[in-house]
Amino acid sequence: MLRWAQAALSRRSLLLGGGAATIGATAICSTRTVAQETHGYHAGTPKGAASGPSHQSASGPSHQSAHGAMITVGSVDNERNGFHPTKMLTDWYTGTVTDLPDGRKLRTFEITAEDKEIEIAPGVMFPAWTYNGRVPGPALRATEGERLRIVFRNNGSHPHSMHFHGIHSARMDGVPGAGVIAPGDEFVYEFDARPFGCHLYHCHALPLARHIHKGMYGIFVIDPDPARHPDYADVAKSRLYGSPENAEWQEMAMVMNAFDTTFDGENEFYACNTIAHCYAKEPIRVEKGRPVRIYLVNITEFDPINSFHLHGNFFDYFDQGTTLTPTLRTVDLIMQCQAQRGILEFTYKEHEAGLYMFHAHQSEFAELGWMGMFDVVETLS
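Please read these numbers as outputs of a predicted model, since none were measured by experiment.

*Asks:* In this structure, what is going on with the nonpolar core? I would like to understand it.
*Replies:* Here is a general trend for soluble globular proteins: nonpolar side chains tend to be buried in one another's company. I219, M254, I294, F308 and F374 are the most contacted members of the largest nonpolar core, which totals 61 residues. In terms of residue count, the dominant contributor to this core is strand β13 (residues 250-259) (seven residues). Setting aside residues no more than four positions away along its own chain, I294 makes contact with M252, M254, F308, G342, I343, L344, F346 and F374. Membership of the second largest hydrophobic core comes to 26 residues, among which are A193, A205, M216 and F220.

*Asks:* Any chance you could explain the pattern of salt bridges here in plain terms?
*Replies:* Side chains that differ in charge, positive against negative, can pair when their charged atoms come close. Counting across every chain of the model gives 18 salt bridges. Between D91 and R134 there is a salt bridge; the shortest N-O distance is 3.5 Å. Here D91 is found in the loop between α3 (85-88) and β3 (92-93), whereas its partner R134 is found in the loop between β6 (124-131) and β7 (139-143), with 43 residues between them in sequence. Since its relative accessible area comes to 41%, D91 is described here as partly exposed. Judged by its relative accessible area of 9%, R134 is buried. Of the charged contacts in the structure, one is a salt bridge between E146 and R107, with a shortest N-O distance of 2.7 Å. Placement of the pair is E146 in the loop between β7 and β8 (147-154) and R107 in strand β5 (residues 105-121), with a sequence separation of 39 residues. For the pair formed by E146 and R107, the shared burial category is buried.

*Asks:* Looking at this model, I keep getting lost on the sheet that holds β13. Mind explaining?
*Replies:* Strand-to-strand pairing in sheets goes through backbone hydrogen bonds, with the strands running parallel or antiparallel. Strand order in the open sheet made by the six strands is β14-β13-β16-β21-β18-β19, with mixed pairing throughout. The sheet terminates laterally at β14 (269-272) and β19 (328-331), the two strands that pair on one side only. Between one strand axis and the next, the sheet turns by 25° as a mean value, whatever way the strands run. Here β13 runs beside strand β16 (residues 292-298); their pairing, made up of seven bridges, is parallel. Opposite A253, over in β16, you have Y295 as the bridge partner.

*Asks:* Help me understand the packing of aromatic side chains, please; the structure alone is not making it clear to me.
*Replies:* Aromatic ring pairs are described here by two measures, namely the spacing of the ring centres and the angle between the planes. A complete count under the given rule lists 22 aromatic pairs for this structure. Geometrically, the ring pair formed by F187 and Y189 is edge-to-face, given 4.8 Å between the ring centres and 70° between the ring planes. By relative accessible area, F187 is classed as partly exposed at 27%. Since its relative accessible area comes to 1%, Y189 is described here as buried. Centroid distance F308 to F358: 5.8 Å. Interplanar angle 15°. Geometry classified as stacked. Taken as a pair, F308 in strand β17 (residues 305-310) and F358 in strand β22 (residues 354-359) lie far apart in primary sequence, 50 residues in all.

*Asks:* Would you mind showing me how to read the confidence of the model for the protein chain here?
*Replies:* Note: predicted coordinates in regions of low pLDDT should not be interpreted at a detailed level. Per-residue pLDDT for the protein chain has a mean of 86; in total, 82% of the residues score no lower than 70. Mean pLDDT across the elements of the protein chain bottoms out in strand β1 (residues 15-16) (26) and peaks in β16 (99). Low confidence marks residues 1-68, where pLDDT is under 50. Its contacts with residues over four positions away, or in another chain, come to 138 contacts.

*Asks:* Help me understand unusual backbone geometry in this model?
*Replies:* Negative phi characterises most residues that are not glycine, and trans characterises most peptide bonds. The omega angle of the peptide bond from V135 to P136 is -5°, so this bond is cis rather than trans. The omega torsion of the bond from R194 to P195 falls at -5°, within 30 degrees of zero and hence cis. With a phi close to 55°, N132 is a non-glycine residue in the positive phi region. Of note, N132 is situated in the loop between β6 and β7. With a relative accessible area of 31%, N132 lands in the partly exposed category.

*Asks:* What am I meant to see in the sheet that holds strand β23 (residues 371-377) here?
*Replies:* Pairing is mixed across the open sheet formed by five strands, whose spatial order is β15-β23-β22-β17-β20. At either end of the open sheet lies a strand with only one pairing partner, and these are β15 (284-287) and β20 (333-337). The sheet shows a mean angle of 25° between the axes of neighbouring strands, taken without regard to direction.

The rules behind these values
- Residues numbered from 1 in each chain as written.
- Predicted model: local features only at pLDDT ≥ 70, side-chain atom pairs only at ≥ 80, totals over all residues.
- Heavy atoms only, no water.
- Core = buried A, V, L, I, M, F, W, Y, C linked by side-chain atoms within 4.5 Å.
- Buried < 20%, exposed > 50% of the residue type's maximum accessible area, 1.4 Å probe, protein only.
- Helix = DSSP H or I, 4+ residues; strand = E, 2+ residues; numbered from the N terminus.
- Contact = heavy atoms within 4.5 Å.
- Salt bridge = Lys/Arg side-chain N within 4 Å of Asp/Glu carboxyl O.
- Pairing = 2+ DSSP bridges.
- Axes fitted to C-alpha atoms, helices over the stretch in contact; angles between N-to-C directions.
- Phe/Tyr/Trp six-rings, centres within 6.5 Å; stacked < 30°, edge-to-face > 60°.
- pLDDT = per-residue confidence, 0-100.

Below is the structure:
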């Protein structure tokens, strides 16, 4: 039995049938099926378990146990999920770009809502509601001033919508009053890309907590147009996706999320980009001589705040990403409430190569999945 799972049971006071809930070797389990569930989620059956207590992953190096021997055992089937958390870091969805009569660019995205069971930790299956078959949804990226068109199709089993954190008209807001899209229907959201920054989108159908928690959210980045910011043109160019200045940076999209697998309104698993301990088992390789930029979003449901702490280093932080100068300088920890987001910038140029941890600084979150490593190397091969 995993010690972290035992702790979770004690902490959450989970009782089934008047006795202590049982634990599989890798995951908290429930016999409730998708058809039976009333809150929209259930835990799955453990697989690939290692027998007896374990202080590290059955398939990984000992550095995975660095946070108090608290780590999931086994591996998630990323191929079956249809998404890989490491690839998610840099998998920007830039849509299709065409020219408008006024000379501006029209950037079109296609988003489909669908029900899909995903594996969030080894052996733990979660019946998600997804955008484009993944949680978080695709990482949308556009440039300030462009016209955006998002073609949204609802192939799911419930009414859904898309609410964008940005500037737009009421009829494009994606809330119940402005329009929730029924299963089988389609709607086109259209608005200008503004303001620049690190934003997000999510379903705003009711009950809101359920639709968000089930996986209907994603990061939404609008890059600054350097021509609009002559006083900070160099900084703006470094954020402009595809520019030579931007190519010097190692950019990553990170969405902090969590999952309530026991349908009690409290989370049992925490993660960055959905899969518990994914970046502990597969550390993120970064080149020490190139700066790092993280687009960080918190969309955790059922907890008031989440956090990001960087070991052995400090970063500059741009809250909301809507400024070209930092809102906080030289910090190693930031907190975000739900829907808060920002940009982190740092470098390992003066560091020795090695593994550097990052995690939520709520110890419970880290031990239940939200912890990873940067593998700092001299050069990326």
